[in-house]
Each structure stands twice: as C-alpha cells, then as structure tokens.
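Here's the letter readout for the chains.
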Amino acid sequence: MNDEAVYDMNKRTESTFTAWKPSGPPSQGALAYHAAVIYASWHIDNITEMIRLVKRSIQNDDIVVDFGAGTGSSALYIIRKILRKFSLFLVDNSPSWLGNAYSILHGNSNVTCLLLAKIQDRYQSLDELMGRNMVHHVVSANTVHLIPNVSEAFKGIYRALKP
C-alpha cells in the first residue's frame, strides 16, 4: 500500500471494511492459549470487572470493538454478560489467533472478525480499518503490553470513536 492510499484512508468517515475469515483451521498455539486462559480465574476476574465498567454504557445497536481480541476469550464473556443487541467487532493483527475466535463465534450474526493489516513497518490503525467516528465503544483486555506503538494505536482508536 502506498502512502497516498494510507492518507486517503485516514480521511475516510464511512465504514468500508470487509469481514475477515480464516483460510484454515486455528493454529495449535491459539487453541492451547485459549484453553489455558478461558477459565483461568485471573482472566474471569479481569473480564468481569471490564464488563461491569462498560455494561451500562452499551446500548442496543451500538458498535463495540474488542481491540486485540485474540482467540476470542474475552468476547465469549462479553456476549454472554451484556444482554443487549449490539455489534461486536473482534479486531486483531494475528490471523492464527483471530482464526480461533472466528471458529468459536462465526455463528453469531452480531459478531464480525476484522484483521489489522500490516502496512510497511506498522499495523493498520482502527480508524483506517473501520473509519472515523464509526465506533461507540472500544474494550481491550490483556493486549496493551503487546502493542508495538501504543500512542499510535490509541490515536487510531480515538479517531474511530464517535464523538
């Protein structure tokens, strides 16, 4: 992708993303990680507290992004505990981990997987992926420490959020 295309995407205010689907089964690493984490007490405590903090803010028809969704371990709890009709977008830069999330959640019509593309030496930002002012809420658990450029990631998240 050339710099001009990146610049044009930065100005986009309409969402034009395409749902992502894996080209094969989840990796053994993703399966093992998911199995180790999904019922871990620290994970459940973390997700339960995150859900408690955001639950009242999420309304019917909202767009919610799980940024760094990984294997889908957080998303499973989010859709079970927030009993509203909202769209949940699982966003990650790892096709093998997101493939696991897809295998678990692709039957839910309110869940969509989106893969962050690698653009030269960086990953696509959330606003480049989904558009500016398109998202109501962004949640993220167990991810921030893995983001190569946290400042740029948060700028992209900010631009993707509705005012």
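Turning to the packing of aromatic side chains, a few remarks are in order. In this structure the tally under the stated criterion is one aromatic pair. Over the face of the ring belonging to Tyr-123 we find Lys-118, whose NZ or CZ atom lies 4.6 Å from the ring centre.

Those residues of helix H7 (residues 150-160) lying buried are Ala-153, Gly-156, Ile-157 and Ala-160. One side of H7 carries all its buried residues, which in axial view fall inside an arc of 100°. In this fold, the buried residues of H7 make contact with strand E1 (63-67), helix H6 (126-130) and strand E6 (137-139).

Once that is clear, we can look at the sheet that holds E6. Strand order in the open sheet formed by four strands is E3-E2-E1-E6, and the pairing between neighbours is parallel. Two strands bound the open sheet, and with one partner strand each, they are strand E3 (111-115) and E6. For this sheet, the mean inter-axis angle between neighbouring strands, taken without regard to orientation, is 25°. As paired strands, E1 and strand E2 (residues 87-92) are joined by five bridges and run parallel to one another.

This brings us to helix H2 (residues 28-37). Those residues of H2 that fall on the buried side of the exposure criterion are Ala-30, His-34 and Val-37. An end-on view of H2 places all buried positions within 75° of arc, on one side of the element. In H2, the exposed positions angled more than 90 degrees off the buried face are occupied by Gln-28, Ala-35 and Ala-36. Lining the buried residues of H2 we find helix H3 (41-54), helix H4 (73-81) and helix H5 (95-105).

A word on the nonpolar core. Of all hydrophobic cores here, the largest spans 24 residues; its most connected members are Ile-78, Ile-82, Phe-86, Leu-88 and Leu-90. Secondary structure elements with two or more residues in this core: H3, H4, E2, H5 and E3.

Looking now at the pairing of E3. With four of five residues buried, E3 lies mostly within the body of the structure. In this structure, E2 lies alongside E3, joined through five bridges in parallel fashion. For Val-91, the partnering residue across the bridge sits in E3 and is Leu-114. In this fold, the crossover linking E2 to E3 by way of H5 has right-handed handedness.

Before going further, it helps to spend a moment on the pattern of salt bridges. Per the counting criterion, the structure on display carries five salt bridges. Its salt-bridge partner being Arg-52, residue Glu-49 comes within 2.6 Å of it at the nearest N-O pair. Of this pair, Glu-49 and Arg-52 both sit in helix H3, three residues apart, which is roughly one turn of the helix. Residue Glu-49 is classed as partly exposed on the basis of its relative accessible area of 35%. For Arg-132, the salt bridge identified is with Asp-127, shortest N-O distance 3.6 Å. What makes Asp-127 buried here is its relative accessible area of 0%.

About the cut-offs
- Residues numbered from 1 in each chain as written.
- Predicted model: local features only at pLDDT ≥ 70, side-chain atom pairs only at ≥ 80, totals over all residues.
- Heavy atoms only, no water.
- Phe/Tyr/Trp six-rings, centres within 6.5 Å; stacked < 30°, edge-to-face > 60°.
- Lys NZ or Arg CZ within 6 Å of the ring centre and 35° of its normal.
- Buried < 20%, exposed > 50% of the residue type's maximum accessible area, 1.4 Å probe, protein only.
- Helix = DSSP H or I, 4+ residues; strand = E, 2+ residues; numbered from the N terminus.
- Arc of directions from axis to C-beta.
- Contact = heavy atoms within 4.5 Å.
- Pairing = 2+ DSSP bridges.
- Axes fitted to C-alpha atoms, helices over the stretch in contact; angles between N-to-C directions.
- Core = buried A, V, L, I, M, F, W, Y, C linked by side-chain atoms within 4.5 Å.
- Right-handed = clockwise from strand over helix to strand, strands pointing away.
- Salt bridge = Lys/Arg side-chain N within 4 Å of Asp/Glu carboxyl O.

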